[in-house]
Amino acid sequence: MKLPLLPLGLAAALAAASAAHAQEMVFTSWGGTTQDAQAASWAEPFTAATGIAVLQDGPTDYGKLKAMVEAGNVSWDVVDVEYDYALQAGAQGLLEPIDYSIVDRSRLDPRFASEYAVGSFYFSFVLGWNPTAFPDKAPATLADLFDTETFPGQRTFYQWAAPGVIEAALLADGVAPADLYPLDLDRAFAKLDTIKDDIVWWGGGAQSQQLLASAEAPIGLFWNGRLAALQADGIDVGISWDQNITAADALVVPKGTANREAAMQFIALATSAEGQAAFATASGYAPINVDAPALMDPAVRATLPDVQTAVQVNADMDYWAANRDEIGSRWYAWQAE
């Protein structure tokens, strides 16, 4: 993969700021193809510009992040987290404020720039299927996920309590996007009950890909980038963007890191137009820098969530941040029933 060329001003600023400071830092993310793309798009050019080595760790673990901060023994410098968690963790005092004198907020999508977090990328949950399982009629809508008569077989959904599956259940049940929030959990779980025995849960992107490619679960709700990666590998998958549900990841800095300045410099590069364009090209996820799309191949751009806005439903990150724990308690209790 070709590394992004940084603007001379940003490259010079990073190089100057790195002098006499950290020799290495730790970036923590979710692993797999996403972290590989982050390492190539952000870590490698950051090291080239600053001389600061970026050690990779993972997967992201919220309990571990909290324990580090509370013990005053922080070994992670920049962490990729879900955006609603970032909002919650910032309010709980677990994160350093983003230094917007280093990170250029003016060129970032305002949906994904807050006091304690900056968007890493944004993605969509999309309906995906294995065409070999449905040769006569292809699924097209979220309602088809719940139609086991027309589209038989196991379904696969994200295992964890996060934006996506609950919204999909409500949309499939006829709730209008404008009426999603506050989430009607009773209605969502009643809808999910109709297919509960047919659900296979995936906990990470690689697992979701395996379930679909093998047709163990020939239909489900997936991160769009994971389906794009399968297609790039020559695997035939079906994708419907109808009512795709957007959510975002964020870059955060745990409170108490010894490498705060290096962490902010890393985030500045990761959220630059060049860094975002390179990552979006490699991952299939949308950039959060408004200047990044102009640097990308139009054919690649056409496959990303940020051009699917006409049929898009934006998950409410603030609502999830405020209700994450309550929703999670009910979610995991329902799974265990």
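Calculation notes
- Residues numbered from 1 in each chain as written.
- Predicted model: local features only at pLDDT ≥ 70, side-chain atom pairs only at ≥ 80, totals over all residues.
- Heavy atoms only, no water.
- Helix = DSSP H or I, 4+ residues; strand = E, 2+ residues; numbered from the N terminus.
- Rg over C-alpha atoms; globule rule 2.2 N^0.38 Å.
- Buried < 20%, exposed > 50% of the residue type's maximum accessible area, 1.4 Å probe, protein only.
- Contact = heavy atoms within 4.5 Å.
- Core = buried A, V, L, I, M, F, W, Y, C linked by side-chain atoms within 4.5 Å.
- Axes fitted to C-alpha atoms, helices over the stretch in contact; angles between N-to-C directions.
- Left-handed = near helix turned anticlockwise from the far one by under 90°.
- Nonpolar A, V, L, I, M, F, W, Y, C, P; charged D, E, K, R; others polar.
- Phe/Tyr/Trp six-rings, centres within 6.5 Å; stacked < 30°, edge-to-face > 60°.
- Lys NZ or Arg CZ within 6 Å of the ring centre and 35° of its normal.
- Salt bridge = Lys/Arg side-chain N within 4 Å of Asp/Glu carboxyl O.
- Pairing = 2+ DSSP bridges.
- Right-handed = clockwise from strand over helix to strand, strands pointing away.

Caption draft 1: Quick look at the overall build of the chain. Across its full length, the chain holds 13 helices and nine strands. Expected size for 337 residues packed as a compact globule is a radius of gyration near 20 Å; at 20 Å, the chain falls within 12% of this value. Taken along the three principal axes of its C-alpha coordinates, the chain extends 65 × 40 × 35 Å. Taken across its 337 residues, the chain has 55% of its residues classed as buried.

Caption draft 2: Expanded view of helix 9 (residues 224-232). When helix 9 is considered as a whole, its buried residues turn out to be Asn224, Gly225, Arg226, Leu227 and Leu230. In this structure, the buried residues of helix 9 make contact with helix 2 (32-50), strand 4 (118-129), helix 8 (205-213), strand 7 (219-223), strand 8 (238-252) and helix 11 (273-283).

Caption draft 3: Highlighting the nonpolar core. Membership of the largest hydrophobic core comes to 99 residues, with the highest contact counts inside it found for Val78, Ile166 and Phe266. Top contributing element to this core by residue count: helix 10 (residues 260-270), with eight residues. Apart from residues no more than four positions distant in its own chain, phenylalanine 266 is found in contact with Met25, Phe27, Trp42, Ala43, Phe46, Val54 and Val78. Counting seven residues, the second largest nonpolar core, distinct from the first, contains Leu212, Leu227, Val237 and Trp241.

Caption draft 4: Quick peek at the packing of helix 2 against helix 11. At a closest axis distance of 9 Å, the pairing of helix 2 and helix 11 adopts a crossing angle of 150 degrees. Judged by the twist between their axes, the crossing of helix 2 over helix 11 is right-handed. Facing helix 2, whose interface residues are Thr34, Ala37, Gln38, Ser41 and Trp42, helix 11 presents Gly275, Gln276, Ala278, Phe279, Ala282 and Ser283. Here the residues of the contact of helix 2 with helix 11 sort into five nonpolar, six polar and no charged.

Caption draft 5: Seen up close, the packing of aromatic side chains. Within the structure shown, the criterion is met by 28 aromatic pairs. Feature note: the residues Phe27, Trp42, Phe46, Phe121, Phe123, Phe125, Tyr158, Trp202, Trp223, Phe266, Phe279 and Tyr285 constitute an aromatic cluster, connected by ring pairs. Over the ring of tyrosine 122 we find arginine 111; its NZ or CZ atom is 5.0 Å from the centre of that ring. Directly above the ring of tryptophan 334 sits lysine 196, whose terminal nitrogen or CZ lies 4.4 Å from the centroid.

Caption draft 6: How the structure looks around the pattern of salt bridges. All told, the structure shown has 12 salt bridges when counted by the stated rule. With its nearest N and O atoms 4.0 Å apart, the salt bridge here joins aspartate 99 to arginine 260. Here arginine 260 lies in helix 10 and aspartate 99 lies in the loop between helix 4 (83-91) and strand 4, a separation of 161 residues in the sequence. Judged by relative accessible area, which is 30%, arginine 260 ranks as partly exposed. In this structure, aspartate 291 and arginine 107 form a salt bridge, with 2.8 Å as the shortest nitrogen-oxygen distance. Taken together, the residues aspartate 291 in the loop between helix 11 and helix 12 (298-301) and arginine 107 in the loop between helix 4 and strand 4 connect sequence positions 184 residues apart. The class for aspartate 291 is partly exposed, based on a relative accessible area of 31%. Counted as one network, the salt bridges with shared partners bring together Glu82, Asp84 and Arg324.

Caption draft 7: Representation of unusual backbone geometry in the model. Of note, the bond from glycine 58 into proline 59 is cis; its omega dihedral lies within 30 degrees of zero at 0 degrees. Assignment of secondary structure puts proline 59 in the loop between strand 2 (53-57) and helix 3 (62-71). For the peptide bond that leads from tyrosine 181 to proline 182, omega is 0 degrees, which places it in the cis range. Summarising the element assignment, proline 182 is placed in the loop between helix 6 (165-172) and helix 7 (185-193).

Caption draft 8: A look at the pairing of strand 5 (residues 155-158). Strand direction decides the pairing type here: strand 5 and strand 6 (residues 199-202), joined by four bridges, are parallel. In the sheet register, phenylalanine 157 faces strand 6, and the bridge partner there is tryptophan 201. Where strand 5 lies against strand 7, two bridges are found, and the strand directions are parallel. Each bridged residue has a counterpart across the sheet, and for threonine 156 the counterpart in strand 7 is glycine 220.

Caption draft 9: How the structure looks around the pairing of strand 2. Here strand 1 (residues 24-28) pairs with strand 2 via five bridges, running parallel. Looking across to strand 2, one finds that phenylalanine 27 is bridged to glutamine 56. With helix 2 bridging strand 1 and its parallel neighbour strand 2, the resulting β-α-β unit is right-handed.

Caption draft 10: Molecular detail of the environment of glutamate 326. For glutamate 326, the location among the structural elements is in helix 13 (residues 317-336). Taking the C-alpha atoms as reference, glutamate 326 lies 9.9 Å from alanine 161; in sequence the two are 165 residues apart.

Caption draft 11: Helix 6, seen in detail. Across the eight residues of helix 6, eight count as buried, placing the element largely inside the fold. Turning to helix 6, its buried residues number three or more, namely Val165, Ile166, Glu167, Ala168, Ala169, Leu170, Leu171 and Ala172. Phi for glycine 174, located one or two positions after helix 6, is positive at around 100 degrees.

Caption draft 12: Spatial organisation of the environment of valine 74. Here valine 74 shows up in the loop between helix 3 and strand 3 (78-82). Residue valine 74 is classed as buried on the basis of its relative accessible area, which comes to 16%. Linking valine 74 and valine 253, residues 179 residues apart in sequence, is a C-alpha distance of 10.0 Å. Excluding its chain neighbours within four sequence positions, the residues that come into contact with valine 74 are Met68, Val69, Pro254, Lys255, Gly256 and Thr257.

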